[in-house]
Amino acid sequence: MTDVNIIHESNNEDGLSREVLMNLGPQHPSTHGVLRLLLQMDGEIVKRIEPHIGLLHRGTEKLCENFTYTQIFPLTDRLDYLCQPSNNLGYALAVEALLDIKAPERAQYIRVLMAELSRISGHLLITGALPMDVGAITTLLYTMRDREMIMDLMEMISGARMHTSFCRVGGVREDLPEGCTERIIEFCDIFEQRITDYEDLVGNNRVFLARVENVGNITGEDAIALGLSGPCLRASGVDWDIRRDAPYEIYDKLDFNVIVRNDGDCYDRWKCRVDEMYESLKMIRQCVDQMQPGPVLIADPKIAFPVNKDLLAHSMETQIHHFKLAAEGFKVPKGEVYTAIEAPKGELGFYIISDGTEKPFRVKIRAPSFVNLQALTDRTTNMKYLADVIAMIGSLDPVMKEVDK
Amino acid sequence: MSMPDPFPLENIIDNFNGRVSVAANVTDMPCVVVSPKDLVALCLFLRDDQAFKFNFMADICGVDFYPNLPRYQLVYHLYSISLGWRLRIKCPLEDPPTAPTITHIWTTANWHEREAYDMFGIVFEDHPDLRRIYMWQEFEGWPMRRDFPLRGYKDKYNPFGAERPGAAPSITKGPIGDIL
């Protein structure tokens, strides 16, 4: 198949009209990975969009059915690879709900702290990538530079830059290293100014605004029907944030604003995320302030790995528990649970059915990017030209690994 | 979950007069069971009734209970943005599995249903665009079914796959296979 196929040719009174079928992607910088779009074009005007996804399908859900509950954590890392701690958190909450346990308070703070750091890291990408998609490459270079600070913090906490896998069922792997909170506060101080810099750099740029303002408007009602969630939904004027409306972990102890904007165009979706970064910074500072020393993992040797590594070397009982846990996993009582968290992209849901064994019977991942991407096919939004489609993809901010699962 | 008032579950049960029942042993959120023929009516009621306003369809999940019967099940998760309620609808399906589409109630159901079709072979009647979404169109079999091997079936691209069952009638060749 060639890249362009003529599908319809007609000679009406306006002159020659020729509709062509065109491939956008899967290898194109603006498709954020391997998204392939079939576009039915009449000149520069887009008549129909047909997304083809699945090029990165890895069968995560099928794998989950064959893994123990602990082994699934690294799989969740690989959903939305810009904000792994959020995915870990969502999955951990679901398993903990099945087991009817709760992580110690300090662990909850660490999880939220990391989730908010990763939210900034995820939002930084779109802050730079949307301007890049519409022609302003500079911003992406700066946002990537600042994202490196978060990568360094993640490396300091977990040892890994990207795939942290720091959550465990019943807490987190270990406590924050010494000097970490000081580094986080330092980051907050530097970064607050940086967000303002991005806004100065592109937020008022006439060319950027011309490309994204009043493009791809989605009304609140349409957005809900399309199942949009997270910043994409809030940009359309729907005031819903799971962190505030159904608080999980320690979000009810944090003071933050939910950013809502009204136009629902590409600019609003971009701006919504930029403003959310300020709120995330506020939450990170509060987490650091409120965090008290304490255990970071529940004290149940049948579920949690031993935190004290000395004990592992000297206590036979600890060794046995560790071996059983690593080799066989732990049994989870029969039942089912759906937990939803506010991931950077929207509602990240884990629906787990347990049949009482060490492996889940069924894990369904409600991936926000997958649902958000569907808005591309909606023909009520005003995406007239090919260039608008590019802006729309950028503003929906899909992560293809999460879309394809 | 923040639930300001107790969830009016009886309202649904009364309204459907025995056609909708409460699911046993579900503790995390209200859950009802409905047969496929009443699914659309229930969804419309839940979306439009002022006491519920379930305007957000969060997720559709297909489940295969092989070798138990009824083998398939669809699980819908609804959320009411204005009232803050969540609700789960379970819809058990016979083999071969068919269910009515709910794309005309919530647009978002389109891709969710395509996913359930792709992974489980559940056919949604009157769906506007029922094609595979993750796997390629020529793919044979339904990967998420319990009897589908983890590594897939052996062929020239997949030397590590499982052998295809020989004489036994392949499950992909049933009436569902004709849809493709």
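For the structure given in this document, a descriptive report is provided here.

The rules behind each value
- Residues numbered from 1 in each chain as written.
- Chains lettered and ligands numbered in written order.
- Predicted model: local features only at pLDDT ≥ 70, side-chain atom pairs only at ≥ 80, totals over all residues.
- Heavy atoms only, no water.
- Helix = DSSP H or I, 4+ residues; strand = E, 2+ residues; numbered from the N terminus.
- Buried < 20%, exposed > 50% of the residue type's maximum accessible area, 1.4 Å probe, protein only.
- Contact = heavy atoms within 4.5 Å.
- Areas by Shrake-Rupley, 256 points an atom, 1.4 Å probe, with all protein chains shown as cover.
- Lys, Arg positive; Asp, Glu negative; His and termini not counted.
- Charge placed at Lys NZ, Arg CZ, Asp CG, Glu CD.
- Phe/Tyr/Trp six-rings, centres within 6.5 Å; stacked < 30°, edge-to-face > 60°.
- Salt bridge = Lys/Arg side-chain N within 4 Å of Asp/Glu carboxyl O.
- Buried area = accessible area lost by both parts, 1.4 Å probe.
- Polar contact = N/O pair within 3.5 Å; in protein donor to acceptor, adjacent residues only side chain to side chain.
- Pairing = 2+ DSSP bridges.
- Axes fitted to C-alpha atoms, helices over the stretch in contact; angles between N-to-C directions.
- Nonpolar A, V, L, I, M, F, W, Y, C, P; charged D, E, K, R; others polar.
- Core = buried A, V, L, I, M, F, W, Y, C linked by side-chain atoms within 4.5 Å.

### Details of the overall build of chain A
For chain A, the count of helices and strands is 16 helices and nine strands. Here chain A, with 405 residues, has 60% of them falling under the buried criterion. For chain A, contacts bridging at least 24 residues in sequence account for 67% of all contacts bridging at least 6. Summed over all atoms, the accessible surface of chain A reaches about 15400 Å², with 51% contributed by carbon and sulfur. For chain A, the distance from the average site of its 44 positive side-chain charges to the average site of its 61 negative ones is 4 Å.

### A look at the packing of aromatic side chains
Residue and element names in this part refer to chain A. Throughout the structure, instances matching the rule amount to 23 aromatic pairs over all chains. Ring centres of Tyr-248 and Tyr-251 lie 5.0 Å apart, and the angle between their planes is 70°; this geometry places the pair in the edge-to-face category. Considered together, Tyr-248 and Tyr-251 belong to a single accessibility category, that of buried residues. Both rings, one in Tyr-251 and one in Phe-256, keep their centres 6.3 Å apart while their planes meet at 70°; by these two values the pair is edge-to-face. Here the two residues Tyr-251 and Phe-256 agree in accessibility, since each one is buried.

### Thoughts on the pattern of salt bridges
When their charged atoms lie close together, side chains carrying opposite charge are able to pair. Throughout the structure, instances matching the rule amount to 48 salt bridges over all chains. Arg161(A) is paired through a salt bridge with Glu148(A); the nearest N and O atoms lie 2.7 Å apart. Taken as a pair, Arg161(A) in the loop between helix H5 (138–158) and strand S5 (167–168) and Glu148(A) in helix H5 lie far apart in primary sequence, 13 residues in all. For Glu148(A), a relative accessible area of 33% corresponds to the partly exposed category. With a closest N to O distance of 2.8 Å, Asp129(B) and Arg131(B) form a salt bridge. Among the ionic contacts, a cluster of salt bridges with common partners joins Glu116(A), Arg119(A), Arg234(A), Asp241(A), Arg243(A), Glu276(A) and Glu342(A).

### Topic: the interface of chain B and chain A
Chain B puts 42 residues into the contact, and the matching count from chain A is 42 residues. For the pair chain B and chain A, the summed buried area comes to about 3600 Å², and 61% of that belongs to carbon and sulfur atoms. Among the residues of chain B in contact with chain A, Trp111(B), Tyr134(B) and Met144(B) are the three that bury the most area, contributing 22% of the side total. If you look at where chain B meets chain A, you find eight salt bridges. A salt bridge links Glu50(A) to Arg131(B); the nearest nitrogen and oxygen atoms lie 3.4 Å apart. The tally of links from chain B across to chain A stands at 22 residue pairs in polar contact (both at pLDDT 80 or more).

### As for the sheet that holds strand S2 (residues 31–34) of chain B
All names here are of chain B. One open sheet holds the five strands; their spatial order is S1-S2-S5-S4-S3, and the pairing between them is mixed. Each having just a single partner strand, strand S1 (20–22) and strand S3 (56–64) make up the two edges of the open sheet. When the angles between neighbouring strand axes are averaged without regard to direction, this sheet yields 25°. Two elements, S3 and strand S4 (residues 72–80), share eight bridges in a ladder whose sense is antiparallel. For Ile-60, the partnering residue across the bridge sits in S4 and is Tyr-76. Lying over the sheet, helix H1 (residues 9–16) contacts S1, S2 and strand S5 (85–93), oriented at roughly 150° with respect to S1. Running over the sheet, helix H2 (residues 36–48) touches S1, S2, S4 and S5 and is turned about 165° from S5.

### Here's the deal with the sheet that holds strand S9 (residues 362–366) of chain A
Residues and elements named next belong to chain A. Sheet architecture is open: three strands sit in the order S7-S8-S9, paired in antiparallel fashion. Single-partner strands in this sheet number two, and they are strand S7 (335–343) and S9. Taking the axes of each pair of neighbouring strands and ignoring which way they run, one obtains an average angle of 10° across the sheet. Contacts from helix H3 (residues 84–99) reach S7 and strand S8 (346–354) within the one sheet, and its direction differs from that of S7 by about 150°.

### Some words on the packing of H3(A) against helix H4 (residues 105–133) of chain A
All names here are of chain A. In the contact formed by H3 and H4, the axes pass within 8 Å of each other and the chain directions differ by 145°. Contact with H3, carried on its side by Pro-85, Ser-86, Leu-89, Ala-92, Leu-93 and Glu-96, involves Arg-111, Met-114, Ala-115 and Ser-118 of H4 and no other residues of that element. Per-class residue counts for the contact of H3 with H4 are six nonpolar, two polar and two charged.

### With respect to unusual backbone geometry
In this chain, Asp95(B) is followed by Pro96(B) through a cis amide linkage whose omega measures 0°. As for its position among the elements, Pro96(B) is in the loop between S5 and strand S6 (98–100). At Asp100(A), a position not held by glycine, the phi torsion is positive, near 60°. A relative accessible area of 69% means that Asp100(A) is categorised as exposed.

### As for the nonpolar core
By size, the foremost hydrophobic cluster in this structure holds 178 residues, and its most contacted members are Ile53(A), Ile12(B), Leu46(B), Leu74(B), Tyr76(B), Ile89(B) and Ile102(B). When neighbours within four sequence positions are excluded, Ile53(A) is seen to be in contact with Leu35(A), Phe370(A), Leu373(A), Met400(A), Val403(A), Asp404(A), Trp111(B), Ile133(B) and Tyr134(B).

### Focus: the side chain of Arg71(B)
All names here are of chain B. Turning to its location among the elements, Arg-71 is positioned in the loop between S3 and S4. On the basis of relative accessibility, which here comes to 4%, the residue Arg-71 falls in the buried class. Reaching out from Arg-71, the side chain makes a polar contact with the side chain of Tyr-72 at a distance of 3.2 Å. Here Asp-147 takes part through its side chain, which lies 3.3 Å from a polar atom of the side chain of Arg-71.

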